[in-house]
There are 2 protein chains.
Amino acid sequence: MKNSIQFFLLAALMTGGLCSVRSQSGVIEDFKPSSVNQPGKEYPQVNSEGRVRVQISAPGANKVQLDIGAVKYDLLKDENGVWIGESAPQDEGFHYYQLNIDGASVPDPGSLYFYGASRWGSGIEIPAEDQDFYALKNVPHGQVREHIYFSETNNNMRRCFVYTPAGYDRDTENRYPVLYLQHGGGEDETGWSNQGRAGLIMDNLIAEGKAKPFIIVMDNGTWRMPERNRTAPRGERPAGPWPPEGWADGFMKTLLEDIIPMIDASYRTLADPQHRAMAGLSMGGMQTRVITLAHPEVFSYVGMFSGGSISMEDIEKAPGFKENVRLVFISYGSRELENPRRGFGGDPKENTDELEAAGINTHFYVSPQTAHEWQSWRRSLYQFAQLLFKN
Amino acid sequence: MKNSIQFFLLAALMTGGLCSVRSQSGVIEDFKPSSVNQPGKEYPQVNSEGRVRVQISAPGANKVQLDIGAVKYDLLKDENGVWIGESAPQDEGFHYYQLNIDGASVPDPGSLYFYGASRWGSGIEIPAEDQDFYALKNVPHGQVREHIYFSETNNNMRRCFVYTPAGYDRDTENRYPVLYLQHGGGEDETGWSNQGRAGLIMDNLIAEGKAKPFIIVMDNGTWRMPERNRTAPRGERPAGPWPPEGWADGFMKTLLEDIIPMIDASYRTLADPQHRAMAGLSMGGMQTRVITLAHPEVFSYVGMFSGGSISMEDIEKAPGFKENVRLVFISYGSRELENPRRGFGGDPKENTDELEAAGINTHFYVSPQTAHEWQSWRRSLYQFAQLLFKN
């Protein structure tokens with residue numbers, strides 16, 4: 001008896017004083033509300049294994065599922081008509097998910113909403129070992145500004161978000177470098193500052209003296225397939241190379257002719273190529289590759305997060321790139337490299353080594369134990385930002 | 001036959017060339033996607049009567065309802081498992097709504113989401129005759145900035161949104177008056193710039209020369225009942241006067257000791273009472289009443305939208321208020337006056353007349369054909385902003 005009590009106390013201490021009980025199903029019962037729940041909402045919850053537990057009242061429903069990580073988990077109904085259930089353990093970091101109620105895919109009314117997978121929908125945070133770098137802390141904070149402007153090239157009103165570092169409004173003689181930072185496919189200009197936590201990552205880095213203060217511009221890079229490529233049946237890729245030639249031209253024109261001049265006119269920027277970077281995740285990385293190779297007279301720092309890489313062959317076809325580029329940063333989640341997606345421009349590590357051997361300042365970063373998801377990209381920004389505008 | 005064709009053509013012309021057909025159920029078939037749908041989403045839709053039609057695929061569901069304006073409308077299932085149906089005509093402007101699927105209350109996956117009714121949930125726009133004043137136009141735009149700061153009085157990090165008018169960053173010698181603008185109960189600091197369209201209302205007013213440029217601060221005024229009032233059973237009001245004495249003290253302290261000094265230190269404000277206004281809707285109006293009566297040395301312009309009024313009796317108990325106040329603006333939606341809610345401080349029109357008779361610059365505005373909803377408050381801001389900082 002005494003031994004059992006001692007064991008219980010020890011177990012309680014080892015789990016930080018919480019009473020962790022592994023249920024019959026093998027699930028550890030130390031669930032806590034997700035940090036991105038709506039105010040006052042108890043569910044969804046996450047446990048120390050990274051399992052996501054959801055709960056929803058649907059007394060009349062026949063079947064309710066949690067849809068996360070491309071797997072659907074059946075929930076169970078209690079006597080009050082409340083459905084509850086949990087997923088397998090998820091990777092650390094942020095994940096999109098949804099509920100399915102009798103065939104209807106809907107957001108979970110307990111979570112905050114984020115734009116991704118071409119919809120505003122639920123998101124959840126699995127606490128990460130390194131979450132301190134994107135935590136909200138009592139440090140000087142920059143601002144994220146909603147900036148509405150008229151685009152001449154598109155003849156419409158557009159919106160971007162602009163991060164200005166702490167002190168921007170006070171030190172009115174200072175001018176700042178600029179990073180143009182792009183989201184992925186099915187995402188939009190809200191992604192980097194919401195689920196990407198770009199502002200908090202920069203605030204913390206700057207407060208610790210690890211990054212130079214710079215402006216970040218987050219615009220909408222969603223592209224339309226050129227007309228000639230729209231002939232493939234819905235859901236199928238057109239014949240020929242992928243992505244098709246010219247696919248990035250629309251956003252490139254908007255960026256070069258509208259966005260950059262507007263930013264340089266509206267903010268105290270250092271408006272030269274030595275103080276201008278472009279980076280993006282997934283589709284945004286592929287756009288970064290096309291645009292920076294085509295315009296080395298505009299950008300000197302290049303970041304591609306889970307979005308391909310740059311080969312020496314690419315560079316040889318891009319006059320001025322090798323001479324002007326100051327950083328090529330390539331990153332992936334480790335799980336992406338274990339299970340390679342369709343590669344764009346060959347093996348990213350081999351390509352990066354090749355660039356380094358040719359004397360280009362190159363960095364290759366692998367986010368541990370993460371896939372094609374935001375935790376990889378938060379970490380990529382954290383690494384990339386520390387290298388920017390320093391050489 | 002000729003007459004029918006002529007009539008049809010006439011009808012088509014009268015409805016702007018659209019082919020409006022009244023279905024057997026009496027619903028006019030000229031539905032269009034709501035202006036606040038998610039990108040690419042066809043539903044929800046609105047017709048010229050102001051009916052809301054929703055559609056959702058839920059093949060396994062037994063009952064699906066549209067829940068809007070405190071009424072639940074049953075949807076009908078088609079042979080593909082898609083549920084569809086519409087509401088009775090709604091008032092012009094913005095409304096919160098949700099879907100109910102077999103007893104689960106969830107957001108509509110087709111709409112954008114807004115914080116209100118203590119949740120992030122669906123919203124819809126019924127096109128309004130006067131919608132031009134809050135439309136997105138090609139005029140100079142101000143910015144809405146997410147501003148994170150540390151609150152000494154609450155010992156935590158807080159967030160507000162700050163609207164800076166067009167030209168704020170360019171005309172660095174200019175200093176600006178400030179309006180502190182509060183949301184209602186169950187809403188938060190996002191309400192005025194999202195569904196309230198405060199930024200667009202100001203951009204349009206300033207572009208037309210109808211309002212002076214000023215800064216707007218939108219913070220979170222959600223209040224906790226003082227401890228002594230928490231004894232009432234859940235859902236019941238405590239005994240005594242409502243709202244209970246002291247209920248606004250928490251936010252008043254935060255506003256006076258944290259927010260205003262932080263804003264005056266961070267922005268180029270005119271930091272005197274003659275250039276400081278406070279206004280709010282519903283609960284925010286009630287807070288405005290308490291705070292401005294207690295602190296006429298801080299604010300000179302007062303706006304209460306659907307949130308009570310100020311009587312001469314109030315003013316007689318508030319030393320300095322009558323001498324210092326430059327504007328008392330009281331507004332309601334017309335439907336609120338038809339069906340009066342619990343009044344705070346007596347009849348608002350009578351109170352306003354009384355103030356005017358006593359020589360106070362007073363305005364009473366009634367929003368036509370709207371209730372306790374955002375269209376009343378958009379219109380109220382539109383009227384109020386034109387009067388601010390002009391006397």
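Cut-offs applied
Along every chain, residues carry numbers that run from 1 in the direction the sequence is written. Starting at A for chains and at 1 for ligands, labels are handed out in the order in which the entities are written. Side-chain atom pairs in this predicted model are given and counted only at pLDDT of 80 or more, local residue features only at pLDDT of at least 70, and totals for whole chains, interfaces and linings cover all residues. As a rule here, side-chain values cover all heavy atoms of the structure and leave hydrogens and water aside. As annotated, the domain borders come from an automatic or database domain assignment. The contact definition used throughout considers only heavy atoms, calling two residues in contact when any of these lie within 4.5 Å. In short, buried area is how much 1.4 Å probe accessible area vanishes from two parts on joining, totalled over both. Pairing between strands requires that DSSP locate at least two bridges from one strand to the other. Labels follow the DSSP assignment, with helices taken as runs of H or I lasting at least four residues and strands as runs of E lasting at least two, numbered in each case from the N terminus. Between Lys or Arg on one side and Asp or Glu on the other, a salt bridge is scored when a side-chain nitrogen of the former is within 4 Å of a carboxyl oxygen of the latter. Here a polar contact means two N or O atoms within 3.5 Å. Within protein one must be a hydrogen donor candidate and the other an acceptor candidate, and residues neighboring in sequence count only if both atoms are side-chain atoms. Side-chain classes are defined by residue name, with Ala, Val, Leu, Ile, Met, Phe, Trp, Tyr, Cys and Pro counting as nonpolar, Asp, Glu, Lys and Arg as charged, and the others, Gly among them, as polar. In this description, a line fitted to the C-alpha atoms serves as the axis of each element, helices being fitted only across the stretch in contact, and the angle between N-to-C directions of two axes falls anywhere from 0 to 180 degrees. Between 65 and 115 degrees an angle is taken as roughly perpendicular, under 35 as roughly parallel, over 145 as roughly antiparallel, and anywhere else as oblique. Handedness of a crossing follows from how the near helix is turned relative to the far one, being left-handed for an anticlockwise turn of less than a right angle and right-handed for a clockwise one. Here the term buried applies to any residue with accessible area under 20% of the maximum for its type, exposed to any over 50%, and partly exposed to those in between, with areas from a 1.4 Å probe on protein chains only.

## Some points on the domain arrangement of chain A
All names here are of chain A.
- In terms of domain boundaries, chain A breaks down into domain 1 (27–126) and domain 2 (132–225 + 241–385).
- For domain 1 versus domain 2, the separation of C-alpha centres amounts to 31 Å.
- Opposite the 16 residues of domain 1 that make contact, domain 2 presents 17 residues.
- Interface of domain 1 and domain 2: buried area, both sides summed, is about 1200 Å²; carbon and sulfur atoms make up 41% of it.
- When residues of domain 1 are sorted by the area they lose upon contact with domain 2, Asp-91, Phe-94 and Tyr-115 head the list and together hold 40% of the total.

## Some remarks on the sheet that holds strand β2 (residues 45–46) of chain A
Residue and element names in this part refer to chain A.
- The sheet built from five strands is open, its strands ordered β1-β2-β3-β7-β6 with antiparallel pairing. Where the open sheet ends on each side, the last strands, each with one partner, are β1 (32–33) and β6 (76–77).
- As paired strands, β6 and strand β7 (residues 82–86) are joined by two bridges and run antiparallel to one another. When the bridges of β7 are listed, Lys-77 appears paired with Trp-83.

## Description of the interface of chain B and chain A
- The interface of chain B with chain A comprises 40 residues on the first partner and 40 residues on the second.
- In total, chain B and chain A occlude about 3100 Å² of area from one another, counting both sides; carbon and sulfur atoms represent 58% of this.
- Between Arg-145 of chain B and Asp-169 of chain A there is a salt bridge, with the nearest N and O atoms lying 3.0 Å from each other.
- For the interface between chain B and chain A, the tally reads 17 residue pairs in polar contact (both at pLDDT 80 or more).
- Elements with a minimum of two residues in the side of chain B that touches chain A: β3 (52–57), β9 (104–106), β10 (113–116), β11 (119–126) and β12 (143–151) of chain B.
- Residue classes in the side of chain B that touches chain A are distributed as 21 nonpolar, twelve polar and seven charged.
- Relative to β12 of chain B, strand β12 (residues 143–151) of chain A runs antiparallel, the two sharing five bridges.

## Description of the packing of helix α3 (residues 249–266) of chain A against helix α4 (residues 283–294) of chain A
Residues and elements named next belong to chain A.
- At a minimum axis separation of 10 Å, α3 and α4 run at an interaxial angle of 60°. In this view, α3 runs oblique relative to α4, as classed from their interaxial angle. As α3 runs across α4, the sense of the crossing is right-handed. Residues Phe-251, Met-252 and Leu-255 of α3 touch α4, and the partners they reach there are Gln-287, Ile-291 and Ala-294.
- Tallied by class, the residues present in the contact of α3 with α4 amount to five nonpolar, one polar and no charged.

## Digging into the packing of helix α2 (residues 198–207) of chain B against helix α9 (residues 374–387) of chain B
All names here are of chain B.
- It is at 10 Å that the axes of α2 and α9 come closest, and there the two elements cross at 40°. As far as their axial angle goes, α9 and α2 are oblique. Both α2 and α9 take part in a crossing whose hand is right-handed. Side by side, α2 and α9 meet where Ala-198, Ile-201, Met-202 and Leu-205 of the first sit next to Arg-378, Leu-381, Tyr-382, Ala-385 and Gln-386 of the second.

## Structural notes on the pattern of salt bridges
All names here are of chain A.
- Within this structure, the stated rule accounts for 42 salt bridges over all chains.
- With a shortest N-O distance of 2.8 Å, Glu-146 and Arg-159 are connected by a salt bridge. Here Glu-146, found in strand β12, pairs with Arg-159, found in strand β13 (residues 156–164); they are 13 residues apart in sequence, far enough to count as distant.
- Two residues, Asp-219 and Arg-158, come together in a salt bridge whose shortest N-O distance is 2.7 Å. Within this pair, whereas Asp-219 is found in the loop between β15 (215–218) and α3, its partner Arg-158 is found in strand β13, the two being separated by 61 residues in sequence. Judged on exposure class, the residue Asp-219 and its partner Arg-158 are both buried.

## Describing the side chain of Gln-45 of chain B
All names here are of chain B.
- On the secondary structure map, Gln-45 appears in strand β2 (residues 45–46).
- Relative accessible area serves as the criterion here: at 8%, Gln-45 is assigned to the buried category.
- Within the structure, Gln-45 has its side chain in polar contact with the backbone oxygen of Glu-42 (distance 3.0 Å).
- Leaving out residues up to four positions away in the same chain, Gln-45 has contacts with Phe-31, Lys-32, Pro-33, Ser-34, Arg-51, Val-52, Arg-53 and Ile-124.

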